[in-house]
Amino acid sequence: MEFHKTPGWLDWYADPSKPKFRVPDGAVDAHCHVFGPGSQFPYAEERKYTPCDASRRQLDALRDHLGFARNVIVQATCHGADNRALVDALVHSGGKARGIATVKRGISDAELEALHEAGVRGVRFNFIKRLVDFTPKDELIEIAGRIARLGWHVVIYFESVDLPDLWDFFTALPTTVVVDHMGRPDVTRPVDGPEFELFIKFMRDNPTVWSKVSCPERLSVKGPPALNGEQNAYRDVVPFARRIVETFPDRVLWGTDWPHPNLKDHMPDDGLLVDFIPQIATTAELQRKLLVDNPMRLYWPDEVGTTNAKTMENQA
Ligand code: 0GY
């Protein structure tokens, strides 16, 4: 089947710069996607956009180029609940990738177990109206109850204005809950204003809630240096991400969001995105937690002892 990307969609950055910031050994890119290729893994009929292909091999190449050891591949809405491209990427990763799937109520226990075997460790519930059709909450609660038994967690994606309405649903989930892109704050508002304070309260009151401090390119209104001559890329997003990292250092993750779905004005250089990290995690300890310790605890818990032992050996 042949697919044509949605008009206006930018291709991902083909030749990203080498980051100046060297990520710590064992770093994990905890939010990225694979798209198709559509000829092999067709895009879902119910999709709201058609992306450009972004294969697992291209993702592997980016991971190595940026200096990451592992990644977490998140099922994107353009593939609906058909997780075949994701599973293909996971099983060919040599254990270097974990996955977040999208599943529907009808999924069997055997299918869930097969996803687990492939490396899936969570499901994504998406509340962004431009991306998905509505799924009834009772279906999501039922899914959450089933995946909790596998030790998985729930990844949630929503707009900041919807947090008050979704609060009770989120806090009733029986698993760890990971928020995509800091709950999409409006970065033109104050970092200590009521909207972002509500998000901070959400994390403070609920110790099972984690946040990805990702997607400055999506949240920024100032943009990267190439567009406006600013020295610090995406600097309007920095206070928001930094506040979360410093307040909840053990519950934050970072990801590239490659290949950056739905960007029409500006496509980030992934090398520059990595250079954003030391602005939001300003010490070696915060960087290690964000990029290594936290994602390892969540996605490779069986290896945490081994990793620490190796690190200590290297330091001895
Ligand atoms: C992201 C963000 C977006 C898209 C998706 O699954 C998706 O289609 O996640 C978006 O358009 O904001 O996390 O990749």
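Just above sits the structure.
Our subject in this report is the structure included herewith. (Residues numbered from 1 in each chain as written. Predicted model: local features only at pLDDT ≥ 70, side-chain atom pairs only at ≥ 80, totals over all residues. Heavy atoms only, no water.)

**Details of the overall build of the protein**
No. 1: Within the protein one finds twelve helices and eight strands.
No. 2: At 18 Å, the protein has a C-alpha radius of gyration in line with the 20 Å of a compact globule built from 316 residues.
No. 3: Seen through its principal axes, the protein has C-alpha atoms that stretch 50 × 45 × 45 Å.
No. 4: Sorting the 316 residues of the protein into buried and exposed places 55% on the buried side.
No. 5: Partitioning the contacts of the protein with sequence separation of at least 6, the portion at a separation of at least 24 is 76%.
No. 6: Summed over its atoms, the accessible surface of the protein is roughly 14,000 Å², and 50% of this surface lies on carbon and sulfur atoms.
No. 7: Here the protein carries 38 positive and 45 negative side-chain charges, and the mean point of each set is 1 Å from the other. (Helix = DSSP H or I, 4+ residues; strand = E, 2+ residues; numbered from the N terminus. Rg over C-alpha atoms; globule rule 2.2 N^0.38 Å. Buried < 20%, exposed > 50% of the residue type's maximum accessible area, 1.4 Å probe, protein only. Contact = heavy atoms within 4.5 Å. Areas by Shrake-Rupley, 256 points an atom, 1.4 Å probe, with all protein chains shown as cover. Lys, Arg positive; Asp, Glu negative; His and termini not counted. Charge placed at Lys NZ, Arg CZ, Asp CG, Glu CD.)

**Side note on the state of the cysteines**
No. 1: Enumeration according to the criterion identifies zero disulfides in this entry.
No. 2: C32 forms no disulfide, and the closest cysteine sulfur to it belongs to C215, at a distance of 11 Å.
No. 3: Given a relative accessible area of 0%, C32 falls into the buried group.
No. 4: Its sulfur unpaired, C78 is 9.7 Å from the next cysteine sulfur, which belongs to C52.
No. 5: Since its relative accessible area comes to 0%, C78 is described here as buried. (Disulfide = S-S within 2.5 Å.)

**Quick notes on the packing of helix 6 (residues 194–205) against helix 9 (residues 238–247)**
No. 1: At a closest axis distance of 11 Å, the pairing of helix 6 and helix 9 adopts a crossing angle of 20 degrees. The angle between helix 6 and helix 9 places the two elements in the roughly parallel class. You can see that helix 6 and helix 9 cross each other, and the crossing is right-handed. Facing F196, E197, F199, I200, M203 and R204 of helix 6, the residues of helix 9 in contact are F240, R243, I244 and T247. (Axes fitted to C-alpha atoms, helices over the stretch in contact; angles between N-to-C directions. Parallel < 35°, antiparallel > 145°, perpendicular 65-115°, else oblique. Left-handed = near helix turned anticlockwise from the far one by under 90°.)

**As for helix 3 (residues 109–118)**
No. 1: Listed as buried for helix 3 are L112, L115 and A118. One side of helix 3 carries all its buried residues, which in axial view fall inside an arc of 120 degrees. In helix 3, the exposed residues that point more than 90 degrees away from the buried face are A110 and E117.
No. 2: On the buried face of helix 3, the contacting elements are helix 2 (84–91), strand 3 (97–101), strand 4 (120–126) and helix 4 (137–148).
No. 3: Within two residues after helix 3, G119 carries a phi angle of roughly 120 degrees, on the positive side. (Arc of directions from axis to C-beta.)

**Observations concerning the nonpolar core**
No. 1: If you look at the biggest cluster of nonpolar residues, it comprises 99 residues, and the most contacted ones within it are F125, I156, F170, V213, I244, W254 and L291.
No. 2: Residue contacts for I156: discarding those within four places in its chain leaves F125, F127, F170, L173, V177, V178, V179 and D180. (Core = buried A, V, L, I, M, F, W, Y, C linked by side-chain atoms within 4.5 Å.)

**As for the packing of helix 9 against helix 10 (residues 270–280)**
No. 1: Put simply, helix 9 and helix 10 touch, their axes get as near as 9 Å, and they point 60 degrees apart. Taken together, the axes of helix 9 and helix 10 are oblique relative to one another. Crossing angle aside, the handedness with which helix 9 passes helix 10 is right-handed. Residues V238, A241, R242 and V245 of helix 9 pack against F276, Q279 and I280 of helix 10.
No. 2: Tallied by class, the residues present in the contact of helix 9 with helix 10 amount to five nonpolar, one polar and one charged. (Nonpolar A, V, L, I, M, F, W, Y, C, P; charged D, E, K, R; others polar.)

**As for the site of the ligand**
No. 1: The immediate surroundings of the ligand are formed by 15 residues, with H33, Y49, T77, Y157 and H181 found nearest.
No. 2: The separation between an oxygen atom of the ligand and a polar side-chain atom of T77 is 2.5 Å.
No. 3: Here D257 contributes a side-chain N or O atom positioned 2.8 Å from an oxygen atom of the ligand.
No. 4: Here the ligand loses 100% of its free accessible area of 340 Å² to cover by the protein chains. (Near = heavy atom within 4 Å. Polar contact = N/O pair within 3.5 Å; in protein donor to acceptor, adjacent residues only side chain to side chain.)

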